Amino acid sequence: MQHPADLFMELWHRLRAHRDEVRTLARGLEADHARAGWLADEAAECLGHGVPALEDWPGSRLDRTLAAAQAIDAWFAPLASRYDFRADAPLPAERLEARRRLNRDGRFNADPADGQLILRPGLLARAMNIRETALPGGDPDAFDPVDLFTNLLVVPPGLTIGAEREGDPDRRIAVEYRRIAAVSDQDPSDPAWTPIVGVVPLAEAEDDLAIRQFRRDGQDWYDPTPRDLSRRAADAVAGLAARGATFILFPEVSAGPETVSAIQQALHAQAVDGPIRYALVGVKEVVAGKPRNRAILLDRCGRMAGSQTKLHCWDLDSDQCRSYDLRDRNGRLLDCAREDIETGDRFTLFELPDLGRLAVAICEDLGRTEPSAWIASGMMVDWLVTPVMDSGLTTERWQAKEGGESSRAGYCRVIVANSMALSHRFNRYCRANGEEDKVIEDCGVALLFQPRASEASAPHIACLTLPLADPAPGHVCARWTPGDWPALPDPEREGGE
């Protein structure tokens, strides 16, 4: 006998094979509420008698096939709620099997070749409406039968994202769901839950982050490499643990192998009684001879729980090369410079005890519609975290604009974490060109965004800074209390007033 999740996949494939017919059918059902309601009730009744009854019910009729898939979608609803869901629960054995599959495999359907059929925990608990799972700004006539479901169940697809550079072909990436199985002692859906977020810029001085420039194939390239900052990283972890931090972040390419090892040991030292549940560390590494820009997720014991590789290169234009004082071996300012990394081929969604659903968009990935905006708006994340390497964060720069839009679109918390090394380069350029008014004194190392009830309302924002001249203790942290934060300024509105 099939499990409901496996029958759902079978029905979904059948609907996809008749996409145009199902689109016409769906429009008719939207206008005929009585018929749609009758089909839904009959499908639910069949499922109450067991999966075989629902499997036989549709026959060759597409309207019943659609209703059967929606019935299974609704059947999973109690599993998605973080609260006690009291209802007449059909097929208790299959519900137990669903929980076992999720705990064992991180999926409900049996065949990995079908992709991952997953729950969206928190949908009912958060009691909010979300838009259909569709690419933002896409073709309004585009249609996928999965859009007809209640968005409780979703099959993470493969996505086509834009070409990395001019002349390159479009790329396909996988969207992967990764559930971390562990005991949870915090409930992210509790309105009273106020985690403490810590950010460690780590690269504080200019020489903490060496930027190598070189020529290849007639073009200029750059390659940032952090030096060993193990002691500073370990001290920061201990200091943040003493301040009650729940989740700590290290910015883009801020740690090499030795520093990562020190962070892991420091996390392990606080694992028993300490408050830190997870750390996200931006690392630079070489895999099979090719440089990679990754963010690794560490659990409270310092074990690696997963990683996200940067999907888009951050190629610098002439203004950025000047701002960061990037020069060739002859001292000439570069006109442009390409980031020397091998880009990733998948986007991972993490389901984390004590934290909720987390997605990571490294630097340039935050500013791209594909896939970051789609992930934020369509995959029901609780957190979107962006490690960057830039001169400083403010409420006026691109990170604030993109972070605010992602927070609104996905109704999710957004964190941007930055280092300080490029700020010194920026200041040197400003002083050399008589732009003292732009010199950075207090460097923005973190932006925290909390969405508002209305998508049209600006999110609340906190900007955390450290003095560039004396960044001791080398970390910042803030309790997540957005009621105390101002709304994100609207530059266009302020400019018109």
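Note: the structure precedes this text.
Treat the numbers as computed from the prediction; the structure is a model and nothing was measured.

(A) Geometry of the overall build of the protein chain. When helices and strands are tallied, the protein chain shows 15 helices and 19 strands. Evaluated residue by residue, the protein chain yields a buried proportion of 54% over its 497 residues. Considering only intrachain contacts with a sequence separation of at least 6, the fraction spanning at least 24 residues in the protein chain is 72%.

(B) Representation of the packing of helix α1 (residues 4-17) against helix α5 (residues 62-75). The geometry of α1 relative to α5 is characterised by a closest axis approach of 9 Å and an angle of 145° between their N-to-C directions. The two elements α1 and α5 meet at a crossing, and its hand is left-handed. Contacts between α1 and α5 involve P4, L7, F8, L11, R14 and L15 from the former and L62, T65, L66, A68, A69, I72, D73 and W75 from the latter. A per-class count over the contact of α1 with α5 returns 11 nonpolar, 1 polar and 2 charged.

(C) The arrangement of the sheet that holds strand β17 (residues 442-450) in detail. With respect to topology, 8 strands assemble into an open sheet ordered β3-β4-β13-β14-β15-β16-β17-β18, the strand pairing being mixed. The sheet is open, and its two edges are formed by β3 (158-161) and β18 (460-467), each paired on a single side. Each strand of the sheet is rotated relative to its neighbour by a mean of 20°, with strand direction disregarded. Relative to strand β14 (residues 356-360), strand β13 (residues 346-352) is paired through 4 bridges, and the arrangement is antiparallel. Counterpart to L352 in the pairing with β14 is G356.

(D) Inspection of a negative patch on the surface at higher detail. A surface patch of like charges, here negative, comprises E436, D437, E441 and D442. In this fold, E436 is placed in the loop between α14 (421-432) and β17.

(E) Examining the sheet that holds strand β9 (residues 278-287) more closely. With mixed pairing, 6 strands are arranged side by side in an open sheet as β11-β10-β9-β8-β5-β19. What marks the edges here is a single partner per strand, and that holds for β11 (304-309) and β19 (476-479). Between one strand axis and the next, the sheet turns through 20° on average, direction left out of account. Across the face of the sheet, helix α9 (residues 230-242) comes into contact with β5 (196-199), β8 (247-255) and β19 while running at roughly 165° to β8. Each of β8, β9, β10 (290-299) and β11 is contacted by helix α10 (residues 257-269), which is oriented at about 5° to β10, the strand it contacts most.

(F) Layout of unusual backbone geometry. That bond from A472 to P473 is cis: its omega, 10°, falls within 30 degrees of zero. Structurally, P473 can be placed in the loop between β18 and β19. Phi at A288 takes a positive value of approximately 55°, unusual for a residue other than glycine. One can find A288 in the loop between β9 and β10.

Thresholds, definitions, all that
- Residues numbered from 1 in each chain as written.
- Predicted model: local features only at pLDDT ≥ 70, side-chain atom pairs only at ≥ 80, totals over all residues.
- Heavy atoms only, no water.
- Helix = DSSP H or I, 4+ residues; strand = E, 2+ residues; numbered from the N terminus.
- Buried < 20%, exposed > 50% of the residue type's maximum accessible area, 1.4 Å probe, protein only.
- Contact = heavy atoms within 4.5 Å.
- Axes fitted to C-alpha atoms, helices over the stretch in contact; angles between N-to-C directions.
- Left-handed = near helix turned anticlockwise from the far one by under 90°.
- Nonpolar A, V, L, I, M, F, W, Y, C, P; charged D, E, K, R; others polar.
- Pairing = 2+ DSSP bridges.
- Patch = residues over 30% accessible without salt bridge, like charges linked within 9 Å, V, L, I, M, F, W, Y side chains within 5 Å.
- Areas by Shrake-Rupley, 256 points an atom, 1.4 Å probe, with all protein chains shown as cover.
- Salt bridge = Lys/Arg side-chain N within 4 Å of Asp/Glu carboxyl O.
- Lys, Arg positive; Asp, Glu negative; His and termini not counted.
- Charge placed at Lys NZ, Arg CZ, Asp CG, Glu CD.

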